[in-house]
Amino acid sequence: MSASVATGSVIEVRGLVKRYGDLVAVDGIDFDVAPGEVFGLLGPNGAGKTTTVEILEGLRVPDGGRAIVLGLDVASGAEAIKPRIGISLQTASMYPKLTVVEIIDLFRSFYTTSRPTDELIEMLELGERRNARTKDLSGGQRQRLAVALALVNDPELVFLDEPTTGLDPAARRSLWDLIKGLKARGRSVLLTTHYMEEAEVLCDRLAIMDHGSILEHGTVDSLIARRFQERTVRFDTSEALPDPALADLPAVSTVKHDADATLLYTTDVAATVGALLALAESRGIEPQNLGIRRATLEDVFLDLTGRALRD
Amino acid sequence: MQALFALTRANIRSYTRDRAAVFWTLAFPLVFIVLFGLIFQGSGSTRLTLGWVDADGSPAAVKLQAGFEALQGITLVKTDRDGAIDDMKVGKVDSVIVVPAGYGASLEAAQSGAGAPGQVEVYTDPSRPQLQGSVYQAVGTVLGIVNLGGKPPLVVPSPQTVQTENLNAISYFVPSMLGLSIMQVGIFAAIPLVADREKLILKRLAATPLRRWQLVGSNVLMRVLIAFTQAIIIVAVGSLLFGVEVVGSLILVAAFVTLGAMAFLALGYVIASFAKTEDSANGMTSMIQFPMMFLSGAFFQIDQMPQFLQVVARLIPLTYLADALRQVMVGGAAFAPLWVCAAVLLGWLVVCFGIAARKFEWQ
């Protein structure tokens, strides 16, 4: 406990290394997770996110570096950490012949304090399937059961490894609300994902991982602002608005075309849009499907690695 | 403790909902017992077909024939000597009885006190001792009446004698089957273990405060409970259907059921240590189960096996579990003293547990 009071972090990782034979899965990473924070590890499959999380959960032994979870070194304090954390593995599977209620009750028996079964079932919207055997659940329902099991002991720190993979959009959004609810209750969350939208919506801070290394970390806004000062104004291409005229608009640095759309890169959205509307009006037209887009984490990842996130 | 019992309950639920597991561990040995029991019982009410050759034709010979025909379960097939022997060789008749020419005359002479006794030739196959016995018993009954001068016998053989012999076969079999089913319960534990590892359930449990001893303990508890259920069912079926009563100490029976279940569970853990997939666990279980079944003396007595198989039989744990159960339950002849059986099972338990402790992977 003293260590966590001293550093103020629920997770403190320094120089963490994990090798599988010749493959370096985690290559000397550092990061901290503050109490009450939702921290994301964003990266493609094989980036080393799961290995990192499983070291922190006490499931794997690191080959180098140090990991402090809730003030305890995972190398020596794993048994003391386990009652205080909740986890959901990337591949969620359970005893196939037991029902949802039976499995939640089983996991409750492992902890000295636990949330009521019905409360967990309601939180994860598994009410209709409470007496279904897990082999009969859909992929999304299984995923939700896995998250319910991660919350059985009302943990201080929750590890969610790709929690929304395989969920439909509605279920994904309700899980996002659940994670926001955990944060509102002062719980800390470490989540891995390869959905940048998820990272943008949920994470207070995140680290972008690739090939076992953390390329950059910070808040979503700082990560984007660090590389992309410009915003993009887009509208359907029109003959009345030729490129040379657009390039002369205030604050525009570049004009690009993407399929049917024209993209204006600008350092001052208000000045550019005002001048654009005035120009269009003088030529008797109105820009169609006008929109303003800022750079996304996808753009950041592309810029950092030269590859798209989902490759 | 709460976690241990909850996990045991979960294991038992998974087991009872797995029809294949329930069949192999509970129903399969029971099917064997009932099947074999019926076979042994069928041979109990022996029906004999005898080739009847009357080369004499005297009234005394006809009277003798009537004596055989009066016996229950005897059918006579009348033919000549050569035909009768041929019939017996191909199994059409079980035995041949020849009344030689001059039977009537020598019988009269013997009755008057002059001359040797009359003779009846009885052909039997010595390789079928049980059948041979039944034939001599029938012949003895009929000739006994003749020897008494046709008066009703003063003493008749009791039919229970025949049944006692059959009970020996089934009472050999019932404890053997209990041993067999305990083996199944133990080694079949490998399959759900490997399945749970494949599904990463063991990994998920490893991230909870649950300790490994609780995980192993719940498995031991569950398998011993199932073994006791089997013991109760098999002893009840043996007693109610076939009259096989437990003559020895129930505490010793319970002790060997527990020790056997634990030794074979340890063997199940060894299988699960080497099998990577559920399918290979299935294959390895069968590979161990069937040879063990046939070489343990559960079906065939060990001293009737070829020498080299006897050596194998002396090594496998089921031999000692079945032997111990036979000794304790029905007072069967000992293959090895009880303490040796216990020591061998304990040895297997310790060695297998040691191997599993080193080799078993949780993820």
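All values reported here derive from a predicted model rather than from experimental measurement. (Residues numbered from 1 in each chain as written. Chains lettered and ligands numbered in written order. Predicted model: local features only at pLDDT ≥ 70, side-chain atom pairs only at ≥ 80, totals over all residues.)

**Comments concerning the packing of helix 3 (residues 59-69) of chain B against helix 5 (residues 103-111) of chain B**
All names here are of chain B.
- Between helix 3 and helix 5, the least distance of the axes is 7 Å, while the angle of their chain directions is 95 degrees. It follows that helix 3 is roughly perpendicular to helix 5 by the angle criterion. Together, Pro59, Ala60 and Ala61 of helix 3 and Tyr103, Gly104 and Leu107 of helix 5 make up the contact between the two elements.
- Here the contact of helix 3 with helix 5 is built from residues that sort into five nonpolar, one polar and no charged. (Axes fitted to C-alpha atoms, helices over the stretch in contact; angles between N-to-C directions. Helix = DSSP H or I, 4+ residues; strand = E, 2+ residues; numbered from the N terminus. Parallel < 35°, antiparallel > 145°, perpendicular 65-115°, else oblique. Contact = placed C-beta atoms within 7 Å. Nonpolar A, V, L, I, M, F, W, Y, C, P; charged D, E, K, R; others polar.)

**Notes on the packing of helix 8 (residues 190-198) of chain B against helix 12 (residues 278-295) of chain B**
Residues and elements named next belong to chain B.
- Close contact between helix 8 and helix 12 brings their axes to 8 Å; oriented N to C, the two are set at 165 degrees. Classed by the angle they form, the pair helix 8 and helix 12 counts as roughly antiparallel. Remark: the crossing between helix 8 and helix 12 carries right-handed chirality. Each of Ala190, Ile191, Val194, Ala195 and Glu198 in helix 8 lies in contact with helix 12, whose residues at this interface are Glu278, Ala281, Asn282 and Thr285.
- The class makeup of the residues in the contact of helix 8 with helix 12 is five nonpolar, two polar and two charged. (Left-handed = near helix turned anticlockwise from the far one by under 90°.)

**With respect to the domain arrangement of chain A**
- According to the domain assignment, chain A contains domain 1 (2-225) and domain 2 (229-294).
- Domain 1 of chain A and domain 2 of chain A are separated by 43 Å when their C-alpha centres are compared. (Domains from an automatic or database assignment.)

**Describing the pairing of strand 10 (residues 213-218) of chain A**
- Of the pairings in the sheet, the one linking strand 9 (residues 205-210) of chain A to strand 10 of chain A comprises five bridges and is antiparallel in character. Each bridged residue has a counterpart across the sheet, and for Met209(A) the counterpart in strand 10 of chain A is Ile214(A). (Pairing = 2+ DSSP bridges.)

**Description of unusual backbone geometry**
Residue and element names in this part refer to chain A.
- The backbone of Leu70 sits at a positive phi, close to 50 degrees, despite the residue not being glycine.
- Among the structural elements, Leu70 can be located in the loop between strand 4 (64-69) and strand 5 (72-73).
- Looking at Leu70, the number of C-beta atoms within 10 Å reads 22, which means it is buried.
- The phi angle at Asp154 is positive, at roughly 45 degrees, despite the residue not being glycine.
- For Asp154, the location among the structural elements is in the loop between helix 6 (139-150) and strand 7 (157-161).
- Note on Asp154: 17 C-beta atoms within 10 Å, which makes it partly exposed. (Buried ≥ 20, exposed ≤ 12 C-beta atoms within 10 Å, placed from the backbone.)

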